[in-house]
Amino acid sequence: MAKKRGKQLGYAFQALATVIVALATLEATSLLQYYFSRKSIYEEATRRAEGQLQTTNLEITDVLDQVETTVRNNVWPVRKTLVHPDSLWSLARRIVDCNSFVSGTAIALVEDYFPQKGRLFSPYAYRNGDRVDTLQLGRESYAYPEKEWFSKPLETGEGYWSEPYFDTGGGEMLMTTYSLPVTDMQGRVAAILTADISLDWFTDLVGSIPEYPHAFSALISRTGQLMVCPAPALVMKKTVQEVAADLADSTAVRDIALAMLAGERGSRQVLYNGEKEYVFYAPIDRANWSMAIVIPHKEIYGDVQRVALIVILLQVLGILVMSYILYKAVKNQMRFREVSEKKSRIDSELRVARDIQMSMIPTSFLPAPGQTDVDISGIVVPAKEVGGDLYDFYDRDGKLFFCIGDVSGKGVPAALVMSVTRSLFRSVSAHEKNPQRIVSVMNESLADLNENNMFVTCFLGVLDLASGHLRYCNAGHNAPVRIGPGKAAFLDVVPNLPLGVMPGMQYQEQETNLSSGEGLFLYTDGLTEAENADYQLFGEARLLENAVRFGGEKAGAFVKSMAGAVKSHIHGIDPSDDLTMLAVRFTNPSPSTGDVRRLTLRNDIDEIPKLHALIQSIADETDMDHALAMSLNLALEEAVSNVMLYAYPAGSPGQVDIEAAVLDDRIDFRVSDSGVPFDPTVASDPDLAADLKDRPIGGLGIFLVKRIMDDVSYTWEDGKNILTMTKKR
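It should be emphasised that the depicted structure is a prediction, and the values quoted were computed from it without experimental measurement. (Residues numbered from 1 in each chain as written. Predicted model: local features only at pLDDT ≥ 70, side-chain atom pairs only at ≥ 80, totals over all residues. Heavy atoms only, no water.)

Trainee: How would you summarise the overall build of the protein if you had to cite specific residues and measurements?
Mentor: The helix and strand inventory of the protein stands at 17 helices and 27 strands. Counting across all 729 residues of the protein, residues that qualify as buried make up 46%. Intrachain contacts of the protein at a sequence separation of at least 6 include 63% that bridge at least 24 residues. A total of about 37,700 Å² of accessible surface is found on the protein, and carbon and sulfur atoms cover 55% of it. (Helix = DSSP H or I, 4+ residues; strand = E, 2+ residues; numbered from the N terminus. Buried < 20%, exposed > 50% of the residue type's maximum accessible area, 1.4 Å probe, protein only. Contact = heavy atoms within 4.5 Å. Areas by Shrake-Rupley, 256 points an atom, 1.4 Å probe, with all protein chains shown as cover.)

If you want it as structure tokens, here you go:
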């Protein structure tokens, strides 16, 4: 009896020691996780803030660039129109009417330039609701030569962005003005050409950036005036230095203000209303402004602190559970025989589960009778009764949706996750054709259900059976083999994380084109990691060798041949992992090549806005991002405007024909006219570093087109000017 009690005490001490070691290990792990989580979260907040600052800088700079381009492009028309001063009104009206982002423009003549028009003469056009009105800006009550927008460019001879100001005549609208000197044909400075833009949209753009609940942003001018901030009453009423003086941590805020005014970028921690805040700031280079994003300390680290507390509670609970498990383990030694008796019954149930699982895998392979565009076949060989490998495919709307996956782990849990993954693929892809979005939705669902920390590597593709265009997204899976006549190579894939690891994961989609006869061979790591008695793996080199060897076979024969090669390699050794293979071959003998859109415009500058609809239709169909669409629209406008201004004699009728061919890898634009032969591409690029007065007139438009497009060429064919522009996708 004493001996039995001694054994029980020994087991108890061993269990206690195990619990203590586990507790220490879990606590150390928790502290490390907490440290690295805080570090990672801060780095993520920094990346997010810096990314937001950079994005905002680019959006603001893009608008300012467009305004500057508009003003510079109209210097020559103003210079030419100076000999007809009454025509300056219509020119100012046209500048406003043709540029939606310009709210007003003035052609302010130097004093007494036209004595017959009075000492001050400045035609001004401005938006008034849906129409464009004009007025004479020069009057004794408004001495514009004293205004900053007139005096600064006149003094420097260069373009100048004015300090932001409230346009009291337009309903307290915050505005800024870009102005540029214009010389007459004798080289004298004759006028200042301006473009006004409303800064109301800056408030929406900058104010909507922070993603934390109580974060806010601010934008200051070159003199420190608050242009955008959470308190509207301070806008253009106080400088950032004055605001800093009223704060408890005024020194730190003042240092940040000085850094922003100096055009620096960086980040600092400050006290604001008694709370820790992180301030990230960067300059808006084009206008010498600066922007800051302020994020509360507690909102950056609040989640990780709450999680740390939950982890501690879970650790305590885990230790209690572990203690109970250890106690039960001692007691359960006597139940081993009972478990053995149940094993045979479980084996029988697993065989049924295997049959059910195999019934979920497609066994009817393409091509269907009469189908000539695809050949597909696959096989799944579980290492145990049930496994975690899967493949699936189906044809919808002329596209082949297919995937292959490998669930971490083995047995019943992996089989259950496999069935869920296959169901998600079917349900999501039934309403979505974008591989990246399909994979993202599958990841969110699996991560939400992932209580056992299992994950799924997956490769998902969508093959256009008409053109051979393949869009695909990889989630941590082995790179497929691309097979062509007499060759085989691994497909270029971005690894990405497997499904179910982390919610909110951003997956990257890729694309390529398959020629007729080319195909993909998809497989799980049970193929490359198949091991023989000498511990030699089947490996990637042997995989490529056999892919070339069997590459000319049909999909079904190819899969069987590859399975035979694996079986020959392991030579009777039981496989340690599931083996799944899927072969897809594109067999359409005549793939399609894209579609062409056409637009014809009259030789009238008022027709230019119609180009936007053409670009927008292409952008909507190709999922083109907004910035690229704006760039293409700008390049096309410059090219067509150049034709309308120079191809046909003034006042004569004519037309401009535009063709846009949307191809798999590029977009081709073709602009043609029947005007005077002229090759705009032979003009040398302007020297942007030269002084404005030393630059020749013109050349900026085609230079802008060359910068945006990947290829620009000109030909004269059948009595027509033909300008071809290509943008790669």
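Trainee: Please provide a residue-by-residue account of the packing of aromatic side chains, values included.
Mentor: This model, assessed by the stated rule, comprises 16 aromatic pairs. Geometrically, the ring pair formed by phenylalanine 114 and phenylalanine 121 is edge-to-face, given 6.3 Å between the ring centres and 80 degrees between the ring planes. Take phenylalanine 114: its relative accessible area is 9%, and that puts it in the buried class. Since its relative accessible area comes to 5%, phenylalanine 121 is described here as buried. Each ring, one from tyrosine 124 and one from tyrosine 126, has its centre 5.8 Å from the other, and the planes form 15 degrees; the classification is stacked. The exposure class assigned to tyrosine 124 is buried, which follows from its relative accessible area of 14%. Among the aromatic residues, ring-to-ring pairing joins Trp89, Tyr113, Phe114 and Phe121 into one connected group. (Phe/Tyr/Trp six-rings, centres within 6.5 Å; stacked < 30°, edge-to-face > 60°.)

Trainee: Give me the sheet that holds strand β15 (residues 399-407): which residues, what numbers.
Mentor: Overall, antiparallel pairing links the five strands, which are arranged β14-β15-β16-β17-β20 in an open sheet. In this open sheet, the two edge strands, each paired with only one partner strand, are β14 (389-396) and β20 (509-513). For this sheet the average axis-to-axis angle between neighbouring strands, irrespective of direction, equals 15 degrees. Across the sheet, helix α10 (residues 411-429) touches β14, β15 and β16 (456-464), and the angle it forms with β14 is around 15 degrees. (Pairing = 2+ DSSP bridges. Axes fitted to C-alpha atoms, helices over the stretch in contact; angles between N-to-C directions.)

Trainee: Any details on helix α15 (residues 610-622)? Residues and values, ideally.
Mentor: Looking only at α15, the buried set comprises Leu611, Leu614, Ile615, Ile618, Ala619 and Thr622. The buried residues of α15 occupy one face: seen down the axis, they fall within an arc of 130 degrees. For α15, exposure combined with an orientation more than 90 degrees from the buried face picks out Ala613, Asp620 and Glu621. Of the residues trailing α15, aspartate 623 is marked for its positive phi of about 55 degrees. (Arc of directions from axis to C-beta.)

Trainee: Mind laying out the sheet that holds strand β19 (residues 487-490), listing which residues take part and the relevant values?
Mentor: The strand order across the open sheet built from five strands is β13-β22-β21-β18-β19, with neighbouring strands paired in antiparallel fashion. If you trace the sheet from one side to the other, it starts and ends with β13 (374-381) and β19, each paired once. Shown here is a sheet whose adjacent strand axes are inclined to one another by a mean of 15 degrees, direction ignored. The pairing of strand β18 (residues 481-484) with strand β21 (residues 519-523) spans three bridges and is classified as antiparallel. If you follow valine 481 over to β21, its bridge partner there is phenylalanine 521.

Trainee: Provide a residue-level description of the side chain of threonine 726, including the pertinent values.
Mentor: Along the polypeptide, threonine 726 turns up in strand β27 (residues 720-728). Residue threonine 726 is classed as buried on the basis of its relative accessible area, which comes to 14%. In this structure the side chain of threonine 726 is engaged in a polar contact, spanning 3.0 Å, whose partner is the side chain of aspartate 668. With near-sequence residues (within four places) excluded, threonine 726 lies in contact with Arg666, Ile667, Asp668, Met709, Asp710 and Asp711. (Polar contact = N/O pair within 3.5 Å; in protein donor to acceptor, adjacent residues only side chain to side chain.)

Trainee: Explain the environment of leucine 499 residue by residue, including any values.
Mentor: Mapped onto the secondary structure, leucine 499 falls in the loop between β19 and β20. With 58 residues separating them in the primary sequence, leucine 499 and valine 441 have C-alpha atoms 9.7 Å apart.

Trainee: For the nonpolar core, give the residues involved together with the corresponding values.
Mentor: Formed by 76 residues in total, the largest nonpolar core has its most connected members in Ile107, Leu109, Leu193, Trp289 and Ile295. Among the elements that take part in this core, helix α1 (residues 2-73) stands out by supplying seven residues, more than any other. Excluding residues that lie within four positions of it along the chain, leucine 193 makes contacts with Val71, Asn74, Val75, Val78, Ile95, Thr105, Ala106, Ile107, Tyr178, Ser179, Leu180 and Val182. One finds Ala414, Phe425, Leu470 and Ala479 within the second-largest nonpolar core, a separate group that totals 48 residues. (Core = buried A, V, L, I, M, F, W, Y, C linked by side-chain atoms within 4.5 Å.)

Trainee: Could you give an account of the state of the cysteines, naming the residues involved and the relevant values?
Mentor: Following the criterion strictly, the structure yields zero disulfides and no others. Note on cysteine 458: no disulfide assigned, nearest cysteine sulfur contributed by cysteine 403 at a separation of 5.0 Å. The thiol of cysteine 473 is unpaired, and the distance to the nearest cysteine sulfur, on cysteine 458, comes to 8.4 Å. (Disulfide = S-S within 2.5 Å.)

Trainee: Which residues make up the pairing of β13, and what values do they have?
Mentor: Counting buried positions over the eight residues of β13 gives six, a clear majority of the element. Judged from the eight bridges that link them, β13 and strand β22 (residues 579-586) form a sheet pairing that is antiparallel. Its bridge partner lying in β22, isoleucine 379 is registered against methionine 581.

Trainee: Tell me what's going on with the side chain of arginine 422, and back it up with residues and numbers.
Mentor: Note on placement: arginine 422 falls in helix α10. Within the structure, arginine 422 has its side chain in polar contact with the side chain of aspartate 392 (distance 3.2 Å). Residues in contact with arginine 422, not counting those within four places in the same chain, are Met360, Leu390 and Asp392.

Trainee: Explain helix α14 (residues 555-570) to me, using residue names and the numbers behind them.
Mentor: If you check α14, its first and last C-alpha atoms are 23 Å apart, about what 16 residues at 1.5 Å a residue would give, namely 22 Å. When α14 is considered as a whole, its buried residues turn out to be Ala555, Phe558, Val559, Ser561, Met562, Ala565, Val566, His569 and Ile570. Contacts from the buried residues of α14 go to β13, β18, β21, α12 (525-528), α13 (539-550) and β22. Immediately downstream of α14, the backbone of histidine 571 shows phi near 50 degrees, a positive value. (Expected span 1.5 Å × (residues − 1).)

Trainee: Which residues make up the pairing of strand β26 (residues 711-717), and what are the values?
Mentor: Side-chain positions along a regular strand alternate between the two faces of the sheet. Inspection of the sheet shows β26 paired to β27 by seven bridges, in the antiparallel sense. In the sheet register, valine 712 faces β27, and the bridge partner there is methionine 725.

Trainee: How would you explain unusual backbone geometry if you had to name every residue and give the values?
Mentor: Here tyrosine 535, not a glycine, exhibits a phi torsion of approximately 60 degrees, which is positive. Note that tyrosine 535 resides in the loop between α12 and α13. Of note, the phi angle at histidine 571 is positive, near 50 degrees, even though the residue is not glycine. Structurally, histidine 571 is set in the loop between α14 and β22.

Trainee: Give me the lowdown on the pattern of salt bridges, citing residues and values where you can.
Mentor: Two side chains carrying opposite charge are able to pair once their charged atoms lie near each other. One pass over the structure, following the stated rule, counts 18 salt bridges. With a shortest N-O distance of 3.2 Å, arginine 422 and aspartate 392 are connected by a salt bridge. Within this pair, whereas arginine 422 is found in helix α10, its partner aspartate 392 is found in strand β14, the two being separated by 30 residues in sequence. Each of the two residues, arginine 422 as well as aspartate 392, counts as buried. Where aspartate 668 meets arginine 666, a salt bridge forms, and the shortest distance between an N and an O atom there is 3.1 Å. Note on arginine 666: relative accessible area 30%, which makes it partly exposed. In this structure, a network of salt bridges that share partners links the residues Arg602, Asp604, Glu607 and Lys610. (Salt bridge = Lys/Arg side-chain N within 4 Å of Asp/Glu carboxyl O.)

Trainee: Give me the lowdown on a nonpolar patch on the surface, citing residues and values where you can.
Mentor: A surface patch of nonpolar side chains, about 860 Å² in accessible area, is lined by Ile310, Ile312, Leu314, Val316, Leu317, Leu320, Val321, Tyr324 and Ile325. Note on placement: leucine 317 falls in helix α8 (residues 297-331). Overall, leucine 317 belongs to the partly exposed group, its relative accessible area being 47%. (Patch = residues over 30% accessible without salt bridge, like charges linked within 9 Å, V, L, I, M, F, W, Y side chains within 5 Å.)

Trainee: Could you give an account of the packing of α13 against α14, naming the residues involved and the relevant values?
Mentor: Two packed helices can be described by the angle between their axes and the distance between those axes. Where α13 contacts α14, the two axes come as close as 10 Å, and the packing angle between them is 140 degrees. With respect to their mutual orientation, α13 and α14 come out oblique. For the element pair α13 and α14, the recorded crossing hand is right-handed. Contact residues: Arg542, Leu543, Asn546, Ala547 and Phe550 in α13; Phe558, Ser561, Met562, Ala565 and His569 in α14. Residues that form the contact of α13 with α14 fall into these classes: six nonpolar, three polar and one charged. (Parallel < 35°, antiparallel > 145°, perpendicular 65-115°, else oblique. Left-handed = near helix turned anticlockwise from the far one by under 90°. Nonpolar A, V, L, I, M, F, W, Y, C, P; charged D, E, K, R; others polar.)

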